[in-house]
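Residue-level structural notes
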Amino acid sequence: QRDARAHTMAPLLATLALIAALSLAAGVNADDECDESMTGFYDNEMKSQAWQDIAHGNVKAVLESIGGDSCYAKMRAADGRGPLFWSHEFYNQKIIDALVSAGADIKAKDKGGKTPVQMPRAPPMTFEAPPEEEDATDYEPDDDEEDEEPSSRKADHSEM
């Protein structure tokens with residue numbers, strides 16, 4: 001049982017060590033004041049990219065983002081949700097642990113009053129794009145298949 005616990009703790013410790021190393025390398029202090037562009041309840045490209053990374057389970061991108069800016073863990077989108085909410089929604093424990101270690105507020109509330117742990121689980125994301133309307137059309141079989149070749153192109157097998 002001790003080996004099993006040690007085996008599950010190793011990835012967590014490695015993740016925390018990576019966050020600490022990236023934060024030190026970037027000169028980021030977890031107590032830094034975060035800019036309104038990160039914590040304000042509105043959407044922007046950075047927040048959209050964060051949602052994409054978390055929804056698709058891109059742990060590496062999230063860890064690099066946290067290492068580059070500790071305020072990443074505290075950002076909030078227009079609905080009041082942010083990375084910790086999304087990581088609970090798409091349930092990724094590695095990302096949850098990394099965000100909490102970087103200072104994400106586990107008691108934060110979105111505009112509807114939900115906390116991150118109250119987020120309903122989303123279905124897993126896929127990388128398959130939905131079919132476009134044209135592609136989804138069920139075409140009738142091609143009726144040209146029954147047409148005969150022009151006589152000039154037919155091979156004359158009678159001489160063989």
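Residues numbered from 1 in each chain as written. Predicted model: local features only at pLDDT ≥ 70, side-chain atom pairs only at ≥ 80, totals over all residues. Heavy atoms only, no water.

1. Some details on the pattern of salt bridges
Per the counting criterion, the structure on display carries one salt bridge. Between Asp110 and Arg81 there is a salt bridge, and its shortest N-O distance comes to 2.7 Å. Of the two residues, Asp110 sits in the loop between helix 6 (93-101) and helix 7 (133-136) while Arg81 sits in the loop between helix 4 (59-68) and helix 5 (83-89), which places them 29 residues apart along the sequence. You can call Asp110 buried: its relative accessible area is 6%. (Salt bridge = Lys/Arg side-chain N within 4 Å of Asp/Glu carboxyl O. Helix = DSSP H or I, 4+ residues; strand = E, 2+ residues; numbered from the N terminus. Buried < 20%, exposed > 50% of the residue type's maximum accessible area, 1.4 Å probe, protein only.)

2. A look at the confidence of the model for the protein chain
Averaged over all residues, the pLDDT of the protein chain is 78; the fraction at 70 or higher stands at 57%. Here residues 24-31 scores under 50 on pLDDT; set against residues more than four positions off or in separate chains, the count is ten contacts. (pLDDT = per-residue confidence, 0-100. Contact = heavy atoms within 4.5 Å.)

3. Topic: the state of the cysteines
Going through the model one piece at a time under the given rule, you end up with one disulfide. The disulfide partner of Cys34 is Cys71, and the gap between their sulfur atoms is 2.1 Å. Between Cys34 and Cys71, the S-S dihedral sits near -95°, and the bridge is therefore left-handed. With a gap of 37 residues between them, Cys34 in the loop between helix 1 (2-26) and helix 2 (36-39) and Cys71 in the loop between helix 4 and helix 5 connect regions that are remote in the sequence. When sorted by exposure, Cys34 lands in the same class as Cys71, which is buried. (Disulfide = S-S within 2.5 Å.)

4. Some details on the packing of helix 4 against helix 6
Between helix 4 and helix 6, the least distance of the axes is 10 Å, while the angle of their chain directions is 5°. Classified by the angle between their axes, helix 4 and helix 6 sit roughly parallel to one another. Counting all contacts with helix 4, which are made through Val59, Val62, Leu63 and Ile66, the residues of helix 6 involved are Lys94, Ile95, Ala98 and Leu99. Of the residues contributing to the contact of helix 4 with helix 6, the split by class is seven nonpolar, no polar and one charged. (Axes fitted to C-alpha atoms, helices over the stretch in contact; angles between N-to-C directions. Parallel < 35°, antiparallel > 145°, perpendicular 65-115°, else oblique. Nonpolar A, V, L, I, M, F, W, Y, C, P; charged D, E, K, R; others polar.)

5. Some thoughts on the nonpolar core
Membership of the largest hydrophobic core comes to 24 residues, with the highest contact counts inside it found for Ile54, Val62, Ile66, Tyr72, Trp86, Ile95 and Leu99. Residues contacting Tyr72, with those up to four places away along its chain left out, are Met38, Ala50, Ile54, Val62, Ser65, Ile66, Pro83 and Leu99. (Core = buried A, V, L, I, M, F, W, Y, C linked by side-chain atoms within 4.5 Å.)

6. Thoughts on helix 6
Here helix 6 has its buried residues at Ile95, Ile96, Ala98 and Leu99. Along the long axis of helix 6, the arc covered by the buried residues comes to 170°, so they all point the same way. (Arc of directions from axis to C-beta.)

7. Details of the environment of Ala98
Its location among the elements puts Ala98 in helix 6. Here the alpha-carbon distance between Ala98 and Ile66, two residues 32 residues apart in the chain, equals 8.2 Å.

8. Considerations on unusual backbone geometry
Despite not being glycine, Tyr91 shows a phi value in the positive range, around 30°. Relative to the helices and strands, Tyr91 resides in the loop between helix 5 and helix 6. Look at Tyr91 and you get partly exposed, because its relative accessible area is 43%.

9. Topic: the side chain of Lys47
Here Lys47 lies in helix 3 (residues 45-55). Look at Lys47: it is buried, it has no salt bridge, and the nearest opposite charge is Asp43 at 6.3 Å. Only 3.3 Å separates the side chain of Lys47 from the backbone oxygen of Ser37, close enough to count as a polar contact. With near-sequence residues (within four places) excluded, Lys47 lies in contact with Ser37, Met38, Gly40, Tyr42, Met75, Arg76, Ala77 and Trp86. (Lys, Arg positive; Asp, Glu negative; His and termini not counted. Polar contact = N/O pair within 3.5 Å; in protein donor to acceptor, adjacent residues only side chain to side chain.)

10. Remarks on the packing of aromatic side chains
Inspection of the entire model under this criterion finds one aromatic pair. A centroid spacing of 5.7 Å and a plane angle of 80° characterise the contact between Trp51 and Phe90, whose relative ring orientation is edge-to-face. With a gap of 39 residues between them, Trp51 in helix 3 and Phe90 in the loop between helix 5 and helix 6 connect regions that are remote in the sequence. When its relative accessible area of 15% is taken as the criterion, Phe90 is described as buried. The ring of Tyr42 carries the charged tip of Lys47 above its face, separated from the ring centre by 4.2 Å. (Phe/Tyr/Trp six-rings, centres within 6.5 Å; stacked < 30°, edge-to-face > 60°. Lys NZ or Arg CZ within 6 Å of the ring centre and 35° of its normal.)

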